[in-house]
Amino acid sequence: MTAYPFDAPESAALMKRAEQVIPGGVNSPVRAFRSVGGTPRFIVSAKGPWLVDADGRRYVDLVASWGPMILGHAHPAVEEAVREAAGKGFSFGMPSENEVALAEEIVARVAPVDQVRLVSSGTEATMSAIRLARGFTGRTLVVKFAGCYHGHVDSLLASAGSGVATLALPDSAGVPADSAAETIVVPYNDVAAVEAAFAERGDQIAALITEAAAGNMGVIPPEPGFTEALRRITREHGALFISDEVMTGFRCSPAGWYGLEGPYADGAPDLFTFGKVMGGGFPAAAFGGRADIMALLAPTGPVYQAGTLSGNPVATAAGLATLRGCTPEVYDRLGVVSRTIADAAAEALTAASVPHTVQWAGSMFSVFFREGPVRSYDDAKAQDTAAFGAFFHAMLAAGVHLPPSAFEAWFVGASHDDEAVGRVVEALPGAARAAATA
Ligand code: PMP
């Protein structure tokens, strides 16, 4: 294909309109292209691996709505489930069977999860898991890792990844000092730092939360033994261990990262959080874990948590159809597509002499624009974001939409067929040369 022009007049006009009525023109910051510059593409439709923007251009989608679209856009089985559910009503505010079926599906997949409570976003899931951990332990402090993102929960925004990293914000304004002081931030993959934090304040720590494998500072898997060490240390100090699988859940394997790395000799995390894939592109997320901890939630226990749209019948239908569609063949295809694209990216960047490294968590990967290994947020920050920006725009002009940030995973779906993968592979050498001259 010939390259698309760098300007996108219809998207630019929509962005102008958007900026009048929506801060920064977007409803989630990374969409704004702040770190890469240029005009975000307004999407009018999506099918399989393809996006169509307001200027009528077609892109291979390597964002997948930041993870959920594991089967590709508008997958026929999911679309049918959504139509059928919507035909029976949009929201009841009363129990419905799909909620039970989705909860059963999650519990059946992730062995240490006895029960789940459904919510509408990953942020709600982690926020609620933290409250539950505090209610269970009667303690306040939370330990998190620099560069891990757990949604925009006050106490979890300290040194957060994702958009906070992309915009180079150390922290968020508007978080009360008291909330920030409740969080202890330690470097990822650093057992000694975790030991030291617990040695100092272990009897006040309610929970340690970690991304099961980090994906919000680029992909940084836990080093061998790291997760086990977190389990051991939290148990020794009577704190709960929360594994955030919002991104990795049902993507890295049918049982998420736990399915790849677990079961652990020292026992499983106490609580898990899920989102993205389990909602199939609709607002559904969950937190869950040990039955004795979950029993503390209202109405059975004193920890309050609720939601008008929680367990929404259309969202749960989409999530259920998506999880049921995640067959072994789907995971095989994700592996093949990821490997083909990552290998081609590495080859192109090597040929153009651009320093880079590709890192993996199962079939989830990202490309860092620096030499590896990348073990921590400090390592991830030391990459050449200008080179990434040039690379990103060259890919966009060649009809491939990457995440507009050097700190994000590249997400593929099982619907990425040979045509879509071929377009990515074809685009990479030119983009690598653009990165070389940035
Ligand atoms: N936890 C992790 C690991 C995530 O990747 C995200 C979103 N990227 C969240 C929590 C927050 O989820 P949401 O955006 O649905 O609130």
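Residues numbered from 1 in each chain as written. Predicted model: local features only at pLDDT ≥ 70, side-chain atom pairs only at ≥ 80, totals over all residues.

(A) Looking closely at the site of the ligand. Looking at the ligand, there are 16 residues lining it, with S121, G122, T123, G151 and V246 nearest. The leading source of residues in the shell around the ligand is helix α4 (residues 122–137), at 3 residues. Class assignment for the residues of the shell around the ligand results in 5 nonpolar, 9 polar and 2 charged. (Near = placed C-beta within 6 Å. Helix = DSSP H or I, 4+ residues; strand = E, 2+ residues; numbered from the N terminus. Nonpolar A, V, L, I, M, F, W, Y, C, P; charged D, E, K, R; others polar.)

(B) A look at the sheet that holds strand β13 (residues 400–401). On the basis of which strands lie adjacent, the open sheet formed by 4 strands has the order β1-β2-β3-β13 and mixed pairing. Two strands bound the open sheet, and with one partner strand each, they are β1 (43–47) and β13. Here 4 bridges tie β1 to strand β2 (residues 50–53), and the two strands are oriented antiparallel to one another. Within β2, the position partnered with A46 by the bridge is L51. (Pairing = 2+ DSSP bridges.)

(C) Looking closely at the nonpolar core. One finds A133, A207, A286, F391, M395, V400 and A431 to be the most contacted residues of the largest nonpolar core, which totals 141 residues. Both of domain 1 (9–62 + 327–436) and domain 2 (76–325) provide at least three residues apiece to this core. When residues no more than four places from it in sequence are discounted, the contact partners of A431 are F391, A394, M395 and A398. (Core = buried A, V, L, I, M, F, W, Y, C linked by C-beta atoms within 7 Å. Buried ≥ 20, exposed ≤ 12 C-beta atoms within 10 Å, placed from the backbone. Domains from an automatic or database assignment. Contact = placed C-beta atoms within 7 Å.)

(D) Quick peek at the pairing of strand β9 (residues 271–274). Burial of the side chains of β9 extends over both faces: L271 and T273 are buried on one face and F272 and F274 on the other. Alignment of strand β8 (residues 240–244) against β9, held across 3 bridges, turns out to be parallel. Looking across to β9, one finds that D244 is bridged to T273. You can see the chain leave β8, run along helix α9 (residues 256–261) and come back into β9, and the turn it takes is right-handed. Pairing analysis gives 4 bridges linking β9 to strand β10 (residues 285–289), with the strands arranged antiparallel. Opposite T273, over in β10, you have F287 as the bridge partner. (Right-handed = clockwise from strand over helix to strand, strands pointing away.)

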